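Below, each chain spelled out in residue letters.
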Amino acid sequence: MQHRIINVNIFKTALYLGAVLLFFTACEEKVAGELGELNLNFADRTIIDAHLVYKDSGIVRLDLKSPLIEEFTLIDSPYTLMKKGLNVQFWNGINPKPNRLKADWAKILDLSKFYEGKGNVEMINVDGDTLRTNHIFWDNARRRIFTTDTVKILRRDGSINISNHGMDASEDFREFEFYQNHGIIVFNEDGSPVRVPDNQAPPPPPPPDMQQLDYRPTDPFPESPRN
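Colleague: Even after reading the chapter, I still don't get the pattern of salt bridges, so can you show me in this structure?
Modeller: Between side chains of opposite charge, a pair can form when the charged atoms approach closely. Applying the stated criterion to the full structure yields 10 salt bridges. Taking the shortest distance from any N to any O, the salt bridge between D168 and R144 comes out at 3.2 Å. Of the two residues, D168 is situated in strand β12 (residues 167–170) and R144 in strand β9 (residues 144–147); the sequence distance between them amounts to 24 residues.

Colleague: How should I be thinking about the pairing of strand β6 (residues 105–109) in this particular structure?
Modeller: Residues in a regular strand point their side chains to alternate faces of the sheet. Burial along β6 is one-sided: the residues A106 and I108 are buried and none of W105, K107 and L109 is. Bridge analysis of strand β3 (residues 79–82) against β6 gives four bridges, and the strand direction is antiparallel. In the sheet register, L81 faces β6, and the bridge partner there is K107. Pairing of β6 with strand β7 (residues 114–124), which is carried by five bridges, proceeds in the antiparallel orientation. Across the sheet, K107 pairs through a bridge with E116, a residue of β7. Between β6 and β7, which pair antiparallel and follow one another directly, the connecting turn spans four residues, one of which, K113, has a positive phi of 55 degrees.

Colleague: For this particular structure, what's the right way to read a nonpolar patch on the surface?
Modeller: Together, L38, L40, F42 and L74 line one region of the surface with nonpolar side chains, adding up to about 390 Å² of accessible area. On the basis of relative accessibility, which here comes to 39%, the residue F42 falls in the partly exposed class.

Rules of the game
- Residues numbered from 1 in each chain as written.
- Predicted model: local features only at pLDDT ≥ 70, side-chain atom pairs only at ≥ 80, totals over all residues.
- Heavy atoms only, no water.
- Salt bridge = Lys/Arg side-chain N within 4 Å of Asp/Glu carboxyl O.
- Helix = DSSP H or I, 4+ residues; strand = E, 2+ residues; numbered from the N terminus.
- Buried < 20%, exposed > 50% of the residue type's maximum accessible area, 1.4 Å probe, protein only.
- Pairing = 2+ DSSP bridges.
- Patch = residues over 30% accessible without salt bridge, like charges linked within 9 Å, V, L, I, M, F, W, Y side chains within 5 Å.
- Areas by Shrake-Rupley, 256 points an atom, 1.4 Å probe, with all protein chains shown as cover.

Right, here's the structure in full:
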């Protein structure tokens with residue numbers, strides 16, 4: 001008889017605990033429904049006066065400077081935001097000269113290494129040609145850049161290419177496709193294009209935020225050591 005009483009008590013205790021668990025689970029679901037989903041889209045890491053260097057097999061591939069970097073890593077598609085602009089040097093292959101990119105605002109999708117730049121965007125390739133636009137996308141994985149904004153390319157030989165509706169190009173914009181483009185080519189009297197000697201080519205104008213990033217005024221895009 002005593003053995004049966006113990007079984008009944010255990011059964012009643014199990015029912016009581018189950019009812020309590022169900023009650024708290026229902027309460028948690030109600031609270032979560034009232035408050036909505038937890039917002040994780042906020043910067044969980046901030047870097048001021050950042051200078052980041054990325055290496056591959058001991059060789060520098062990318063050198064990035066920004067007055068402010070905010071990282072959003074708690075969401076499914078993490079990204080990095082640079083609301084005060086960035087200056088980047090990046091290398092292709094074994095060429096010791098870097099390509100350069102600057103913008104007033106930038107965003108990087110961390111998983112795909114996809115860059116977006118806005119405001120006074122300027123790129124300079126290893127040949128010294130300059131690309132200027134207000135909005136550009138850089139697919140670092142595919143080594144491509146593209147934009148639907150007006151874009152201008154100023155070559156060191158004095159020629160100018162302009163597209164009012166964007167372009168698709170290699171990241172050094174040696175190969176490119178313009179949309180509804182036009183341009184200016186400077187010729188000598190004999191009909192040959194004018195070439196600007198390297199020692200006479202004017203340096204690119206320093207961007208407004210260059211002093212914030214400790215660049216030298218006489219060398220707006222100094223090369224970084226690759227080792």
